[in-house]
Amino acid sequence: MRRFLPTTTSTTSTALSSLLLSLLLAGSSITHAAENSQISAAERARAIKAAKQAANKPAAKKVPAKFDFEGEFVNYANWTDVRAFLDDMAAKHGFDRAELDVLIGKVRYVDTTVQLMKPAPPGKPKNWQAYSARFIEPVRINAGVKFWQENAEALARAEREYGVPANIIVGIIGVETVYGRNTGRFRVLDALTTLAFSYPESPNRTARMAFFKGELENALLFARKDGIDPLTLLGSYAGAIGLPQFMPSSIMKYAVDFDGDSHIDLRNSTADAIGSVAHFLVEHGWKRDDPATSVYPVTVSPSRVWEKFLGQGLEAKFPLAELQQAGVSSVAAPPQNMLYGLIDLQNGSEATEYSLASNNFFAITQYNRSYFYAMSVIDLGKAVSEARAR
């Protein structure tokens, strides 16, 4: 998700430099490991110990949420493409056209969203260990323990109903927003309108603008359905909302009322967030009967015949025997009756780590299409689980 035309100011570009650096790490690949994590037991133990120590420190004062960027007025109402979009919303969904005009007059262009959508400049190679260290750390582990304790019933119920373990749900919400601490402070309508009509120049600009127009459409439908003033919706620079950072289309398709109040609220209801994450994973291929371990660290032979199995899409589609014949060996014994994918976790100048990943690992990558992301979800969930047990 990224794109637009206007230039950024020197003040904005300076502020963006550090933000872009962190987003580069978060946007690279991500990986997933349930019982067999890529992080050593000693490293995880150190992180958990640090979390225990940090938990005894006074908590920082919370700062009231506000939106980050007010943006600038560009009179979207006079843009031909915007008028066509509003006409379509009125014709397809019965919105009052005059009310849409008033609404779009209050929407602002936010250049920050455009800059963050631009391709990252060439830099350091991907580094799984550096990426992982951003998530398997005391603040998230402590917050995860607290979140699990406060939402144990909803997590247990989600596991019963959907077959998604609590540690995976806890891992996702922790990686996404530190359990609701960082849900984003951009006005969603500003971000989505900016990206729908002002996406930056790139080879896939047309496709990306179409995507964000669809998300803008769904944001308006969601706000109307739930009786929300759409201008009060806050989220990420790309328009993701709430504890689980669902895009508006995902809210419409996969969000569930898990607290039984006849209202879906991913911004304030932890139960709705928990149930919605579990439902999303099931709808994207999660299998409740698969083994708890979904990633198996492996070694690879010098012959490099196995390289043909890399980059073969986000799905498990190769028999174990075929991978073994190509020179892939696992210390643990993966089940023979399952399919796998070979994933690589690059470590900068250090040796790349390889693993066999089964179906449920790739279900997590449908949440964020990155090996690094999926692996961090698993490792964080495991670290929180171990911290709770101590």
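Reading guide: rules and limits
- Throughout this document, residue positions are counted from 1 along each chain, in the order its sequence is written.
- Only residues with pLDDT of 70 or above have their local features reported here, since the model is predicted, and side-chain atom pairs are shown and tallied only from 80 upward, although totals for entire chains, interfaces and linings are computed over all residues.
- Hydrogen atoms and water are omitted, and side-chain values are computed over all heavy atoms in the structure.
- Strands are runs of DSSP state E lasting at least two residues, helices are runs of H or I lasting at least four, and both sets are numbered from the N terminus onward.
- Multiplying one less than the number of residues by 1.5 Å gives the expected span of a helix.
- Summary of the burial criterion: residues with accessible area below 20% of their type's maximum are buried, those above 50% are exposed, and those between are partly exposed, where the area comes from a 1.4 Å probe applied to protein chains only.
- What the arc covers is the set of directions going from the helix axis to the C-beta atoms.
- Here, two residues are considered to be in contact whenever any of their heavy atoms come within 4.5 Å of each other.

1. Section: helix H3 (residues 80–93)
Structurally, the α-helix is built with 3.6 residues per turn, so residues lying three or four positions apart point the same way.
Right, so step 1: A rise of 1.5 Å per residue sets the reference length of H3, with its 14 residues, at 20 Å; its end C-alpha atoms lie 20 Å apart and thus fit the reference within 8%.
Right, so step 2: All of the buried residues along H3 are Val82, Phe85, Leu86 and Met89. What you see down the axis of H3 is that its buried residues fit within an arc of 95 degrees, all on one side. In H3, those exposed residues whose orientation departs by more than 90 degrees from the buried face are Thr80 and Ala91.
Right, so step 3: If you follow the buried residues of H3, they end up packed against helix H4 (97–104), helix H10 (188–197) and helix H11 (205–226).
Right, so step 4: Note on H3: the residue one or two positions beyond its end, Gly94, has a positive phi of about 75 degrees.

2. Things to note about unusual backbone geometry
Right, so step 1: The residue Asn75 is not glycine, and still its phi comes out positive at about 55 degrees.
Right, so step 2: Here Asn75 is to be found in the loop between helix H2 (41–55) and H3.
Right, so step 3: Here the phi dihedral of Ser262 falls at roughly 65 degrees; this positive angle occurs in a residue that is not glycine.
Right, so step 4: Structurally, Ser262 is set in the loop between helix H12 (248–254) and helix H13 (270–283).
Right, so step 5: The exposure class of Ser262 is exposed, given its relative accessible area of 73%.

Read these as geometric descriptors, not functional statements.
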